[in-house]
Amino acid sequence: MPEGDTVWLAAQRMQTALAGSTLRRGEFRLPQLAALDLAGSTVTEVVPRGKHLLIRLGDGRTLRTHFRMDGSWHIYRPGTKWRGGPGYDVRVVLANDEWECVGYRLHDVEIVPTAEEDRLVGHLGPDVLGPDWDLAEALRRLRAQPDEQIGVAILDQRNLAGIGNLYKVETLFLCRVHPWARVAGVDDLEALVTRARTLTLANRHHPEQSTTGSTRRGADHGVAGRKGKPCRRCGTRILLGEQGPTTQERVTWWCPTCQASRSPIDPLARTGEPDRPQPVTLY
Ligand SMILES: [Zn+2]
């Protein structure tokens, strides 16, 4: 699942492949950008910003792409068969004499003046993988909404950028925090944010996303993907539910014993205030 570390790794590889070179192909297979041709443009740098990838060009423009749930960039030597998916999933092709970078199922593809990048990414909170990481500012933003569910707040890129659903559920498990706990009800918010960042940092150099120290399939996560299986710590069966605003729900796994709820919005207790939506489906 693309998270900040996935984007960071993609940016590193794209930077190595493209930075300082002139594009001989710059195609967009998107209706709104079909007329755009970047052939002849120079790539100055490729940088990650949260889960956004920014490809800066020598002519003062920036191409922004976002992976969302299913996007990816694949890099090939010219003449090699592309293997990232069917041809109709290709959105962008950027190639120089040595490399072909093929963007599959990319979202939010947009080109803007580099000076106006903030219009696209200025709303983001401190980037967990950025050189300007600011723990105090991330905590300040989180605490500004004390009644928000921690499982929603930690994913909100306006609070801190780069955390996705996998590191959310794994961090909450490791810190023994119920996903529906209020931000103000988390005993050690600093430790929780630091843990989320550490997990992301630890996986940024490779595509595997282990949160247990093992990259073996089935042993790489504490709770993610483990619905109904025994908790690795206490043996209780792992639960799965949906959390988040309507239409933006994300699946959430948790151990009801290790992450016992002390919150009135516990989805199992069903005792939420009447004016508060109950966005929970257990299955
Ligand atoms: Zn447990």
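Rules of the game
Every residue gets a number counted from 1 within its own chain, in the order that chain's sequence is written. The model is predicted, so local features are restricted to residues of pLDDT at least 70 and side-chain atom pairs to those at 80 or more, both for listing and for counting; the totals for chains, interfaces and linings are taken over all residues. Side-chain figures throughout are based on the complete set of non-hydrogen atoms in the structure, without hydrogens or water. A pair of Phe, Tyr and Trp rings is counted when the ring centres sit within 6.5 Å of each other, with Trp represented by its six-membered ring. The angle between the planes then sorts it: under 30 degrees is stacked, over 60 is edge-to-face, the rest tilted. Sitting over a ring, as applied to charges here, requires NZ of Lys or CZ of Arg to be within 6 Å of the ring centre and within 35 degrees of the ring normal. Metal sites are built from N, O and S donor atoms within 2.8 Å, or 3.2 Å for Na, K and Ca, and they leave out water, so they may look incomplete. By the criteria applied here, four donors are tetrahedral when all angles lie between 85 and 135 degrees, four are square planar and six octahedral when opposite donors are over 155 degrees apart and every other angle lies between 65 and 115, and any other arrangement is irregular. Counting from the N terminus, the helices are DSSP H or I runs at least four residues long and the strands are E runs at least two residues long. Throughout, exposure labels follow a simple rule: accessible area from a 1.4 Å probe, protein chains only, divided by the maximum for the residue type, with under 20% read as buried, over 50% as exposed, and the rest as partly exposed. Pairing between two strands is assigned when DSSP locates at least 2 bridges connecting them. For helices, the fitted axis covers only the stretch in contact; all axes are lines through C-alpha atoms, and the angles between them, taken along N-to-C directions, range from 0 to 180 degrees. Whether two residues are in contact is decided by their heavy atoms: any pair within 4.5 Å suffices. Salt bridge, as applied in this entry: a Lys or Arg side-chain nitrogen positioned within 4 Å of an Asp or Glu carboxyl oxygen.

Some remarks on the packing of aromatic side chains
Evaluated as defined, the whole model comprises two aromatic pairs. Its end group placed over the ring of Trp8, Arg204 keeps NZ or CZ at 5.2 Å from the ring centre. It is Arg233 that lies over the ring of Phe173; its NZ or CZ is 4.1 Å from the centre.

With respect to the coordination of the zinc ion
Summarising the metal site, the zinc ion is bound by the protein donors Cys231 (SG), Cys234 (SG), Cys255 (SG) and Cys258 (SG), whose distances to it range over 2.3 to 2.4 Å. Taken together, the four donor atoms coordinating the zinc ion span angles of 100 to 116° at the metal, a pattern that classifies the geometry as tetrahedral. Linear spacing of the donor residues for the zinc ion on their chain is C-x2-C-x20-C-x2-C. Placement of the pair is Cys234 in the loop between helix H6 (189-202) and strand E9 (239-243) and Cys255 in the segment after strand E10 (250-254), with a sequence separation of 21 residues. Among the residues examined, Cys234 registers a relative accessible area of 36% and is labelled partly exposed. Of the residues examined, Cys255 reaches a relative accessible area of 0% and is grouped as buried.

Overview of the sheet that holds strand E3 (residues 52-57)
Within the open sheet, the four strands sit side by side as E2-E3-E4-E8. Their pairing is antiparallel. With partners counted over all chains shown, the strands left at the sheet margins are strand E2 (43-49) and strand E8 (107-113), one partner each. For this sheet, the mean inter-axis angle between neighbouring strands, taken without regard to orientation, is 15°. Strand direction decides the pairing type here: strand E4 (residues 61-66) and E8, joined by five bridges, are antiparallel. Opposite Leu63, over in E8, you have Ile111 as the bridge partner. Where helix H1 (residues 4-18) meets the sheet, its contacts fall on E2 and E3, and the angle it forms with E2 comes to roughly 175°.

With respect to the pattern of salt bridges
Evaluated as defined, the whole model comprises 18 salt bridges. Residues Glu116 and Arg119 are paired through a salt bridge, measuring 3.7 Å at the closest nitrogen-oxygen approach. By relative accessible area, Glu116 is classed as partly exposed at 39%. With a closest N to O distance of 3.8 Å, Asp147 and Arg182 form a salt bridge. Placement of the pair is Asp147 in the loop between helix H3 (135-143) and helix H4 (150-153) and Arg182 in the loop between helix H5 (165-174) and H6, with a sequence separation of 35 residues. Given a relative accessible area of 45%, Asp147 falls into the partly exposed group. Overall, the relative accessible area of 17% leaves Arg182 in the buried class. Sharing partners across several salt bridges, the network here consists of Arg64, Glu110, Glu116 and Arg119.

Some thoughts on unusual backbone geometry
Here the phi dihedral of Arg176 falls at roughly 60°; this positive angle occurs in a residue that is not glycine. Relative to the assigned elements, Arg176 resides in the loop between H5 and H6. Taking the relative accessible area as the measure of exposure, Arg176 reaches 49% and is therefore partly exposed. At Thr247, a position not held by glycine, the phi torsion is positive, near 75°. Since its relative accessible area comes to 71%, Thr247 is described here as exposed.

That's the geometry; what it means functionally is another story.
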